[in-house]
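Remarks on the overall topology
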Amino acid sequence: MSIVGNIEMVRKEIFAAAGSVGRKASEISLVAATKTQNADAVKEAITGGVDACGENRVQELSEKNEQGAYEGRPIHFIGHLQKNKLKKVVGVADLIESADSIELIQDIGRRAMELGIIQDILLQINIGNDPNKFGFLPSEVFEIADKCQLVTGIRVRGLMTILPFGLTRDENRALFANMYKFFVDIKAKTYDNVSTNYLSMGMSDDFREAIMEGANMVRVGSLIFGKRN
Ligand SMILES: *Cc1c(COP(=O)(O)O)cnc(C)c1O
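Residues numbered from 1 in each chain as written. Predicted model: local features only at pLDDT ≥ 70, side-chain atom pairs only at ≥ 80, totals over all residues. Heavy atoms only, no water.

Re the layout of surface pockets
The space that makes up the largest pocket amounts to roughly 880 Å³. Forming the boundary of the largest pocket are 33 residues, of which K35, I162, F165, M203 and R228 lie nearest the centre. Of all elements in the fold, only β6 (154-161), α6 (169-189) and α8 (222-225) reach the threshold of two or more residues within the lining of the largest pocket. With three residues, the top contributor of residues to the lining of the largest pocket is α6. In the lining of the largest pocket, the residues fall into 12 nonpolar, 13 polar and eight charged. (1 Å grid on protein atoms, 1.4 Å probe; cavity = no way out; pocket = protein on both sides within 12 Å on 5 of 7 lines; lining within 4 Å. Points joined across faces, edges and corners; volume = space filled by probe spheres on them. Helix = DSSP H or I, 4+ residues; strand = E, 2+ residues; numbered from the N terminus. Nonpolar A, V, L, I, M, F, W, Y, C, P; charged D, E, K, R; others polar.)

Here's the deal with the pairing of strand β4 (residues 95-99)
For β4, the buried fraction is high: five of the five residues fall into the buried class. Bridge count for strand β3 (residues 75-77) against β4 is two bridges, and the pairing is parallel. Within the sheet, the bridge partner assigned to H76 lies in β4 and is L95. With three bridges connecting them, β4 and strand β5 (residues 119-125) associate as parallel partners. Within the sheet, the bridge partner assigned to A99 lies in β5 and is L123. Handedness of the crossover joining β4 and β5 through helix α4 (residues 102-115) is recorded here as right-handed. (Buried < 20%, exposed > 50% of the residue type's maximum accessible area, 1.4 Å probe, protein only. Pairing = 2+ DSSP bridges. Right-handed = clockwise from strand over helix to strand, strands pointing away.)

Structural notes on the packing of aromatic side chains
Scanning the entire structure with this criterion turns up two aromatic pairs. Ring geometry for F142 against F182: centres 5.6 Å apart, planes inclined by 55°, an arrangement best described as tilted. Highlighted residues: F142 in helix α5 (residues 141-148) and F182 in helix α6, separated in sequence by 40 residues. We classify F142 as partly exposed; its relative accessible area is 27%. Ring plane angle 35° and centroid distance 6.3 Å describe the contact between Y180 and F183, whose orientation is recorded as tilted. Linking Y180 with F183, this pair stays in helix α6, spanning three residues, or about one helical turn. Take Y180: its relative accessible area is 36%, and that puts it in the partly exposed class. One Lys or Arg, K189, reaches over the ring of F142 and ends 4.6 Å from the middle of that ring. (Phe/Tyr/Trp six-rings, centres within 6.5 Å; stacked < 30°, edge-to-face > 60°. Lys NZ or Arg CZ within 6 Å of the ring centre and 35° of its normal.)

Nothing here speaks to function; it is geometry throughout.
Okay, structure coming up:
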């Protein structure tokens, strides 16, 4: 199957998952997770109609960006961002989905202010309390949203999560449902500077469950590009 054909298949599955819970597929963004893919593959995914491209390594992002790979589509940063590489991402990525510490968020804000821009970010939540994953713990979410109100140079646009490996579909669904509850609760609290436009959750193996539980942004890699080495 071609990349374009794979995207068509993923779109159909998004349509089906959304329809099964009375949602519209048109409200769900498909982000191609493009790690390890070359610029030509990225361009093909854009031709295939993905809504954005998500990179999780800074160097790959810089290289492919220089090659014009992302032209016409927003760039998302979806990996753990180290402070010393932040300058290559702030103002380049349209959305940093993986803001995972308050220090990082403050540094992103400082850099954005230097550039005279506002950087959109998502708060990455470690919803499974997985010691191997980055992100804020569920117990910290409201405190962090509260702190973000005072950070200039950033705007929180929603939440993102990566689930622990090896759970059952029902366990995944329960964690996605917990994320959706935070999403609704944060909206209700109406923090300054914190909006709830995006709930980014679900990857190749679990985007259907994520959509059933309220995701409006899914990040899909291997189903689009084939298995990574
Ligand atoms: C690689 C990656 C994905 C996509 O994973 P697949 O299982 O290949 O679909 C999604 N989100 C993040 C943060 C990733 O690094």
